[in-house]
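Chain by chain, the residues run as shown.
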Amino acid sequence: MILSHLLTIHKDGINRASAEILARCRELKNHLLKNSINTELHAIICNSNVSLWNSSKLSNELGIYGVDKIWITKKGNICDQNKALIKYIASAQKEATKKYNIPSLLVMESNELVKDILGGLAIHINASVISDVIKFGFSDNNFTPRKDKSLHIRATRPVMTSKALADVKVIDKQIIISLRPGSYNLPDVNDLETVPKKVEIEYMNDRLHSPNNKISLKNQIKQVINATEDFIDLNEARIIVAAGRGIKDQNGKTLIANLAEVLNAGIAASRALTQSGIYDSSVLVGQSGKVVSPQLYLAVGISGSVQHISGILNSKMIIAINKDKNAPIFDIADYGIVGDLNKVIPILIDEIKKIKSK
Ligand SMILES: Cc1cc2nc3c(=O)[nH]c(=O)nc-3n(C[C@H](O)[C@H](O)[C@H](O)COP(=O)(O)OP(=O)(O)OC[C@H]3O[C@@H](n4cnc5c(N)ncnc54)[C@H](O)[C@@H]3O)c2cc1C
């Protein structure tokens, strides 16, 4: 069978969500191989940063995850052209699975781009989709493709603004999963291959129809929004400082910026602040915004509405600062500071600076 992943890379390395997905896929691949099921792990790359990586860097960085084959298009960044992207992924899947005859599980990061293309891609490759999951694997005792070559995949997905978890089982030949970042841990370097596996690199350019280079108005707007306040990508940030209505005004916003700076953190906001225009909507976290999964989420002056909380439950640790000791955010926080943020934040900044200077 083929396990594949739509991979995102930066100038220097693999993005965090992709590393988590590759590590999980490698685990599944090894499990299948141990049970004599021939399995390959493929990485499909679409972003333009690939031109900054030569083939030996690609092989080394991905070979340690046990990747067998990399699919590349050098037609520039087609991640902002939905139709071209769907066609590219579908072409790679078609070739990898010998026209969809070999069962495959395609795992993608659950993000805005993937939400946009998931439906179209599923139709193109005639696949079943389980979206926005936090856990996936093969059903108990059923990790072998059946005689009809279908896979039994089991996944867990948060539903009803994350108040409940649904256990979903899908049986099909081609299955696509989108996985929330932060659902699996980054691999320990000692767990990866010490000698990178030799990786085959396949360039798709010649077999792809020329993509329509015109970026749609919708996609152009998406790019402008993403290019505003989101200095540190919230999907990638290890620490996020999130501001709520309690910060009130520009002075509060400056306090948040100062705290984020000493922590090298990304800045997020609740809807109370994006609706009032204090923060741009690109940094909204929650049901109508981003779902984030940092190591530390510092919620400042946020009450903890269900809509906000549904976007932060994958955080490894949540610390809340609120002057109301009964605020619901304290029900899910690992640590809480009850106090006026205008007094607490300057003390926190001083203490962090002291620790950093040691
Ligand atoms: C369909 C729908 C979708 C929604 N989607 C989202 C979403 O994606 N994300 C989102 O965030 N919201 C969303 N909302 C809005 C959500 O219901 C809440 O209204 C919003 O999250 C409240 O934001 P808040 O916690 O900043 O403000 P509030 O609820 O007003 O809380 C402010 C908090 O600040 C504290 N505070 C005040 N002053 C200080 C101080 N000086 N020091 C310390 N603490 C202080 C208060 O005690 C209070 O707990 C959605 C609502 C609907 C209906």
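Refer to the structure above for everything that follows.
Given the structure is predicted, the values throughout are model-derived calculations rather than measurements.

Rules behind the numbers
Chains are numbered independently. Their residues run from 1 in the order of the written sequence. Totals for whole chains, interfaces and linings use every residue, but because this is a predicted model, local features are given only for residues with pLDDT of at least 70 and side-chain atom pairs only at 80 or more, for both listing and counting. Numbering of helices and strands runs from the N terminus, with a helix taken as a DSSP run of H or I at least four residues long and a strand as a DSSP run of E at least two residues long. The burial label depends on the number of other C-beta atoms within 10 Å of a residue's C-beta. Counts of 20 or more mean buried, 12 or fewer mean exposed, and intermediate counts mean partly exposed, with C-beta atoms placed from the backbone. The contact rule is simple: place each C-beta atom from the backbone, and if two of them lie within 7 Å, those residues are in contact. Think of it this way: take the backbone, place a C-beta atom on it, and check whether that atom is within 6 Å of the molecule or strand, in which case the residue is near it. Classes in brief: Ala, Val, Leu, Ile, Met, Phe, Trp, Tyr, Cys and Pro nonpolar; Asp, Glu, Lys and Arg charged; the others, Gly included, polar. In this scheme, a helix's expected span is set at 1.5 Å multiplied by one less than its residue total. To obtain an axis, a line is fitted to C-alpha atoms, over the contacting stretch when the element is a helix, and the angle between two such axes runs from 0 to 180 degrees between their N-to-C directions. Throughout this description, any angle smaller than 35 degrees is read as roughly parallel, any larger than 145 degrees as roughly antiparallel, any in the 65 to 115 degree range as roughly perpendicular, and the remainder as oblique. Crossings are sorted by hand: turned counterclockwise from the far helix by less than a right angle, the near helix makes the crossing left-handed, and turned clockwise it makes it right-handed. Linking buried Ala, Val, Leu, Ile, Met, Phe, Trp, Tyr and Cys residues through C-beta atoms within 7 Å yields a set, and such a set is a nonpolar core. Between any two strands, pairing holds if DSSP finds at least two bridges.

**Q** Hey, could you run me through the overall build of the protein chain in this one?
**A** Across its full length, the protein chain holds ten helices and 15 strands. Here the protein chain, with 358 residues, has 40% of them falling under the buried criterion. Intrachain contacts of the protein chain at a sequence separation of at least 6 include 70% that bridge at least 24 residues.

**Q** Explanation requested: the site of the ligand in the structure shown.
**A** G244, G246, R271, G286 and S303 are the nearest of the 26 residues found near the ligand. Within the residue set of the shell around the ligand, elements represented by two or more residues are helix 7 (271–275), helix 8 (306–309), strand 14 (317–322) and helix 10 (341–357). Split into classes, the residues belonging to the shell around the ligand amount to six nonpolar, 15 polar and five charged.

**Q** What is the right way to read helix 4 (residues 112–125) from this model?
**A** Two residues of an α-helix separated by three or four positions point the same way, owing to the 3.6 residues in each turn. The end-to-end C-alpha distance of helix 4 is 20 Å, a good match for the 20 Å that 14 residues give at a rise of 1.5 Å each. Listed in full, the buried residues belonging to helix 4 are L118, L121 and I125. Contacts made by the buried residues of helix 4 are with helix 3 (82–96), strand 5 (128–133) and strand 9 (174–179).

**Q** Help me understand the packing of helix 6 (residues 250–263) against helix 10, please; the structure alone is not making it clear to me.
**A** To characterise two packed helices, one gives the angle between the axes of the helices and the distance between these axes. Helix 10 packs onto helix 6 with a crossing angle of 20° between their chain directions and a minimal axis gap of 10 Å. Between helix 6 and helix 10, the interaxial angle falls into the category roughly parallel. The interaxial crossing formed by helix 6 with helix 10 has left-handed handedness. On helix 10, the residues touching L255, N258, L259, V262 and L263 of helix 6 are N342, I345, L348, I349, I352 and K353. Across the contact of helix 6 with helix 10, the residue classes break down as eight nonpolar, two polar and one charged.

**Q** Would you mind showing me how to read the nonpolar core here?
**A** The tendency in soluble globular proteins is for nonpolar side chains to be buried as a group. I44, I45 and I177 are the most contacted members of the largest nonpolar core, which has 53 residues in total. In terms of residue count, the dominant contributor to this core is helix 3 (seven residues). Setting aside anything within four residues of it in sequence, one finds I44 in contact with S4, L6, L7, W71, I89 and A92.

**Q** In this structure, what is going on with unusual backbone geometry? I would like to understand it.
**A** Backbone phi values are negative for most residues with the exception of glycine, while trans is the configuration of most peptide bonds. Positive phi, close to 55°, is recorded for D132, a residue that is not glycine. Examined against the element boundaries, D132 turns out to sit in strand 5. Residue class for D132 comes out partly exposed when judged on the 17 C-beta atoms lying within 10 Å of it. The phi dihedral of M160 is positive, around 50°, even though this residue is not glycine.

**Q** Help me understand the sheet that holds strand 4 (residues 104–109), please; the structure alone is not making it clear to me.
**A** Whenever strands of a sheet pair, they do so through backbone hydrogen bonds, lying parallel or antiparallel. Sheet architecture is open: seven strands sit in the order 5-9-4-1-2-3-10, paired in parallel fashion. Every other strand in the sheet has two partners, leaving strand 5 and strand 10 (200–203) as the edge strands with one partner each. Within this sheet the neighbouring strands show an average axis-to-axis angle of 20°, counted without direction. Sheet topology places strand 2 (residues 40–45) next to strand 3 (residues 69–72); four bridges connect them, and they run parallel. Bridge pairing in strand 3 places A43 opposite I70. Sheet contacts for helix 1 (residues 16–34): strand 1 (2–7), strand 2, strand 4 and strand 9; angle to strand 1, the most-contacted strand, approximately 175°. Of the strands in this sheet, strand 1, strand 2, strand 3 and strand 4 are in contact with helix 3, which crosses strand 1 at around 160°.

**Q** So what exactly am I meant to see when it comes to the pairing of strand 4 here?
**A** Remember that side chains alternate between the two faces of the sheet whenever the strand is regular. Within strand 4, six of the six residues are buried, leaving the element largely enclosed by the surrounding structure. Going residue by residue along strand 4, you find S104, L106 and M108 tucked away on one face and L105, V107 and E109 tucked away on the opposite face as well. Judged from the four bridges that link them, strand 1 and strand 4 form a sheet pairing that is parallel. Following the sheet pairing, H5 is matched in strand 4 by V107.

**Q** Looking at this structure, how should I read the sheet that holds strand 7 (residues 151–159)?
**A** Reading across the sheet, the three strands line up as 6-7-8 and stay open at both edges, with antiparallel pairing between neighbours. The sheet is open, and its two edges are formed by strand 6 (135–138) and strand 8 (164–172), each paired on a single side. Strand-to-strand, the axes of this sheet are offset by a mean angle of 20°, without reference to chain direction. Alignment of strand 7 against strand 8, held across nine bridges, turns out to be antiparallel. Across the sheet, residue I153 finds its bridge partner in strand 8, namely V170.

**Q** Is there a simple way to explain the environment of T8 in this structure?
**A** Here T8 lies in the loop between strand 1 and helix 1. Between the alpha carbons of T8 and M108 there is a distance of 9.8 Å; along the sequence they are 100 residues apart. Residues within four places of T8 in sequence aside, it is in contact with N15, S18 and N47.

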